[in-house]
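A look at the structure
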Amino acid sequence: MKIFTQTQAIQTYLNQYKTLRIGFVPTMGALHNGHLSLIKIAQKCCDLTIVSIFVNPTQFAPHEDLDKYPRTIEADKKLLEENKVDVLFLPTVEEIYPNKEKPNLPALPKFTKILEGEIRPTHFLGVAQVIKRFFDIIKPNDVFFGQKDYQQCLLIDWLIHQFKLPINLHICPIIREPNGIALSSRNQYLNPNEKKSALILNQTLQKIQKLIKKGETDIKKLENFMQKKIESEPLAKVDYATIRNKNDLTKQKLINQESLILIAVKIGTTRLIDNQK
Ligand code: AMP
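Before going into details, it helps to say that this report is about the structure given with it. (Residues numbered from 1 in each chain as written. Predicted model: local features only at pLDDT ≥ 70, side-chain atom pairs only at ≥ 80, totals over all residues. Heavy atoms only, no water.)

Let us now look at helix H8 (residues 192-213). Its 22 residues give H8 an end-to-end C-alpha distance of 33 Å, which sits within 8% of 32 Å, the value for a rise of 1.5 Å per residue. Taking the largest bend as the criterion, H8 deviates by roughly 25°, centred on Asn202. Burial in H8 covers these residues: Glu194, Ser197, Ala198, Ile200, Leu201, Asn202, Thr204, Leu205 and Ile208. Its buried side turned inward, H8 meets helix H9 (219-231), strand E7 (236-245), strand E8 (259-267) and strand E9 (270-276). At the N-terminal end of H8, a side-chain oxygen is found 3.1 Å from the backbone nitrogen of Asn193, two or three residues along, and the residue is Asn191. (Helix = DSSP H or I, 4+ residues; strand = E, 2+ residues; numbered from the N terminus. Expected span 1.5 Å × (residues − 1). Bend = angle between axes of the 7 residues up to and from the residue. Buried < 20%, exposed > 50% of the residue type's maximum accessible area, 1.4 Å probe, protein only. Contact = heavy atoms within 4.5 Å. Polar contact = N/O pair within 3.5 Å; in protein donor to acceptor, adjacent residues only side chain to side chain.)

Dropping the structure here:
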């Protein structure tokens, strides 16, 4: 596996491979099987797979977990080697934002102001900045993002269309532990009791799916049910538990083909998100 920390060096390297199909998987490290699933999908469809590990400061608000975000770089490198990743890009903050400059972006779309965007008002601007910069450096043909961060996937889709980039976006399925908890680097923050409480997210999604399959279509009723179910777990505090149109996250009254269930819950001090179509 080639490892690059400098923009110039990775660009020089990639210049040799202009005819190859380049797949790109951006991550913040502390890698788990969710990340590996994206890498496997990338390897199937591309000639060269690039993974980045970069804990992007601009997507964290001052009170958030930038400093304590898990960093396990040696274990990550080993895992990527074992999984035959071609290139690891491991830039410094200065490489990504030279002289603290950020890419120029048009105003972000409305759906970035709600749900995650309401609770984390500067988050999506930071994500758009770092991903635009990565796309400019790497110029990938295909990029791989996890459905777990659904709003992020919509943002990347918007970014690609906005700049008319010749990039295919692959939205990859959520990988879960056998007990249903969606894998996340932030799960490391949970103590054993909190881990048990975290089961409530997926349990709620499953229950709502069952109610929908049985014929319940009233979204107000389903949302009330979700709220109560999550609140029945003493350690859980609901940020949102809602059903939205999956294309733009606008509210709906009745369930239809476009409906998406989204949940964000605080378990102790750890914020977890999950969703299901
Ligand atoms: P992160 O390192 O948390 O920024 O995540 C990097 C990429 O991995 C993002 O596209 C995430 O959506 C994706 N990802 C994170 N957790 C999972 C999961 N459990 N299953 C599938 N993809 C995931």
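In the vicinity of the ligand, 17 residues are found, and the nearest of them are His35, Gly146, Asp149, Ile175 and Leu183. Between the ligand and Ile175 there is a distance of 2.9 Å, counted from a nitrogen atom to a backbone nitrogen or oxygen. Between the ligand and Leu183 there is a distance of 2.8 Å, counted from a nitrogen atom to a backbone nitrogen or oxygen. A total of 490 Å² of accessible area belongs to the ligand in isolation, and the protein chains cover 93% of it. Of all the secondary structure elements, the ones that give two or more residues to the shell around the ligand are strand E2 (22-27), helix H2 (33-45) and strand E5 (142-146). Broken down by element, the residue count for the shell around the ligand peaks at three residues, all from H2. Taken together, the residues of the shell around the ligand sort by class into nine nonpolar, six polar and two charged. (Near = heavy atom within 4 Å. Areas by Shrake-Rupley, 256 points an atom, 1.4 Å probe, with all protein chains shown as cover. Nonpolar A, V, L, I, M, F, W, Y, C, P; charged D, E, K, R; others polar.)

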